[in-house]
Amino acid sequence: MDKSKVIVCRCEDVTLKDIEECIDAGLTSLEEVNRYLKCSMGTCQGRGCSALVEALISGKVNGTKKRPPSIRPPLLPLDVSSFRDDE
Amino acid sequence: MVENKKEGVIIGGGITGFSLALSLAKRNFRDVLILEKSYLASGATGRCAGGIRQQFSCSENIELMKISYPIFENMDDFVQGGYLMLATSDEEFNALEENVSIQNEMGVKTEMVTPEQCEEISPYLNTEGIVGGSYNRKDGYVDPLNVTYDMFFRVKKMGVEVSTHEEVLKVDDGLKVVTSNREIETEKIFICAGAHTAPLLRSIGINLPNQPIKHEILVTETLSHFLDPMIVMMNEGFYAHQTVRGEIITGIDMRHSPSFDVSSTLEFLSKCTKRLSSVFPATRKLKVLRQWAGLYDVVPDAVPVVGEKDGIYFMCGYSGHGFMVAPGLSELMADHAVYGRRHDLLQRLDYKRFKEGRELGERVVIG
């Protein structure tokens, strides 16, 4: 399997190879991998890939602290003009 | 077995901790452990907008930025799109002019610009109500997470040890660091914990006037490149810039009261998006993807605070400018800690200035 052709985060085109290299380089938590590779920072905000990335980390790192990543508002994307009176 | 002796311990895995570790390692001081209570860059570093500017009003900040700049200019992804600071009243315009003359005197080439020039610099900007601004094309931004994580990879290769999810509970005068799992003996302690620095210093008898103030920020979906500079409105501390990824990162001052709380508010989302859509009408239909908050470690004069007492060194009080000043300040601190050479700037930034009536004063605090 060519790991550079397996897309894990579809919004940001992050591959399995990127993620494994990132973990091997010492970033061993979901927060760190996300922040370095920008997976889960695209349009879907991690709804697609977070569980996959987490599974990849727990497969490689012993004793990772499992906890859900913090959920940040807004829950759904929102127009910049949503709060304007003239909209 | 966990090793409990180190030549140096750095508390805080953000930009200050890693810049300092790099500066120390360059001076062959490498038997160092960095302690981070959460994940790397989980504090203010990973929450900031990443702006790098020399447009300050206080000469100490400008001097610090002159030391930091070459370090940022060596980074491949430092984007110098400029900072355009906008005035909507004569008073703000005059203040900008005053700042620019201080900057020019110190060799920083900021210029005053007319509303027409603002439009040329940023074609999508709504210049209604703008009386003018100051512009420095060398200012810019860099992704704070990439910078910090790259520093992490570098210091690890140089032999520095990094431990995450290990919280420092106490630092004592006997150069002992007590964490959630162990006690570590060391020769030098460096506290680089942002807003959490002042509370740690209390146990060694240093009381700083620092206050943690929440500042909020949001990011939109990506769109094609349309905005070069960081846009700053001097009233309400509004700023917006577009990253190389295409997203817009923007914030506005909410004047939150001192607290360690970093929760997001609906009031911010409403106020900031309203302002963004009037400054850049083209963004109206853009989607906001995420909002979050971080802490400014604020001191009365908004200039960094440093100090040393019996082998315990600290850097804090950045008042919102930590990411950009940390690399420069770390170089000075490393010279002090390793070679005993204390740069004159460290003297001026020393924490005793508050008690000795040597307060400085920075007016340009944004966000």
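Keep in mind the model is a prediction, meaning the values are calculated, not measured.

### Concerning the overall build of chain B
Helix and strand counts for chain B come out as ten helices and 18 strands. Taking 21 Å as the expected radius of gyration for a compact globule of 367 residues, we find that chain B reaches 20 Å, a close match to that expectation. C-alpha atoms of chain B, sized along the principal axes, occupy 60 × 40 × 40 Å. Here the analysis covers contacts within chain B between residues at least 6 apart in sequence; of these, 76% occur between residues at least 24 apart.

### Side note on the overall build of chain A
Helix and strand counts for chain A stand at three helices and three strands. Helices and strands appear in chain A in the N-to-C order β-β-α-α-α-β. In terms of C-alpha radius of gyration, chain A reaches 15 Å, well past the compact-globule figure of 12 Å for 87 residues. Seen along its three principal axes, the alpha-carbon backbone of chain A occupies a region of about 50 × 30 × 15 Å. Every one of the 87 residues in chain A was classed for burial, and the buried ones make up 32%.

### Digging into the nonpolar core
In this structure, Val 33 of chain A together with Ile 11, Ala 21, Leu 86, Ile 191 and Val 232 of chain B are the most contacted members of the largest nonpolar core, which totals 131 residues. No other element matches helix α9 (residues 322–339) of chain B, which puts nine residues into this core. Discounting residues that sit within four places of it in the chain, Ile 11 of chain B has contacts with Leu 35, Val 168, Phe 190, Ile 191, Cys 192, Ala 193 and Leu 200 of chain B.

### Side note on the sheet that holds strand β5 (residues 111–113) of chain B
Pairing within the open sheet is mixed, and its nine strands lie in the order β3(A)-β16(B)-β12(B)-β15(B)-β14(B)-β13(B)-β4(B)-β6(B)-β5(B). Each edge of the open sheet carries a strand with a single partner, namely β3 (78–79) of chain A together with β5 of chain B. The strands touched by helix α4 (residues 90–105) of chain B within the sheet are β4 (83–87), β5 and β6 (132–136) of chain B, with β6 of chain B carrying the most contacts at an inclination of about 25 degrees.

### Here's the deal with the interface of chain B and chain A
At the junction of the two partners, chain B supplies 30 residues and chain A supplies 22 residues. Of all the secondary-structure elements, those providing two or more residues to the side of chain B that touches chain A are α6 (144–157), β12 (211–222), α8 (266–279) and β16 (287–298) of chain B. Here the residues of the side of chain B that touches chain A sort into 13 nonpolar, ten polar and seven charged. When β3 of chain A meets β16 of chain B, the two strands line up antiparallel, connected through two bridges. Following the sheet pairing, Leu 78 of chain A is matched in β16 of chain B by Val 288 of chain B.

### Points about α6 of chain B
Taking 1.5 Å of rise per residue, 14 residues should cover 20 Å, and α6 of chain B covers 20 Å from first to last C-alpha, within 8% of that figure. Every buried residue of α6 of chain B is accounted for by Pro 144, Leu 145, Val 147, Thr 148, Tyr 149, Met 151, Phe 152 and Val 155 of chain B. The elements touched by buried residues of α6 of chain B are α2 (30–37) of chain A together with α1 (15–26), α2 (44–47), β8 (161–163) and α9 of chain B. Within two residues after α6 of chain B, Gly 159 of chain B carries a phi angle of roughly 100 degrees, on the positive side.

### Quick look at the domain arrangement of chain B
Residue and element names in this part refer to chain B. Looking at the assigned domains, one finds that chain B contains domain 1 (5–47 + 144–210 + 300–354) and domain 2 (81–140 + 211–297). Here the C-alpha centre of domain 2 lies 29 Å away from the C-alpha centre of domain 1. Taken together, the residues of the side of domain 1 that touches domain 2 break down into four nonpolar, seven polar and one charged.

### Looking at the environment of Lys 3 of chain A
Residues and elements named next belong to chain A. In this structure, Lys 3 sits in the segment before β1 (7–9). In this structure Lys 3 comes out as partly exposed when scored by C-beta crowding, with 13 C-beta atoms within 10 Å. For the pair Lys 3 and Ile 71, spaced 68 residues apart in the sequence, the C-alpha separation amounts to 29 Å. Those residues in contact with Lys 3 that sit more than four places away from it in its chain are Thr 15, Leu 16, Lys 17 and Glu 20.

### Some points on unusual backbone geometry
Between Pro 73 of chain A and Pro 74 of chain A the backbone carries a cis peptide bond, its omega angle lying at -10 degrees. Take Pro 74 of chain A: it is sitting in the loop between α3 (50–60) and β3. Despite not being glycine, Gln 45 of chain A has its phi angle at roughly 55 degrees, a positive value. Of note, the phi angle at Arg 255 of chain B is positive, near 50 degrees, even though the residue is not glycine.

Definitions and cut-offs
- Residues numbered from 1 in each chain as written.
- Chains lettered and ligands numbered in written order.
- Predicted model: local features only at pLDDT ≥ 70, side-chain atom pairs only at ≥ 80, totals over all residues.
- Helix = DSSP H or I, 4+ residues; strand = E, 2+ residues; numbered from the N terminus.
- Rg over C-alpha atoms; globule rule 2.2 N^0.38 Å.
- Contact = placed C-beta atoms within 7 Å.
- Buried ≥ 20, exposed ≤ 12 C-beta atoms within 10 Å, placed from the backbone.
- Core = buried A, V, L, I, M, F, W, Y, C linked by C-beta atoms within 7 Å.
- Pairing = 2+ DSSP bridges.
- Axes fitted to C-alpha atoms, helices over the stretch in contact; angles between N-to-C directions.
- Nonpolar A, V, L, I, M, F, W, Y, C, P; charged D, E, K, R; others polar.
- Expected span 1.5 Å × (residues − 1).
- Domains from an automatic or database assignment.

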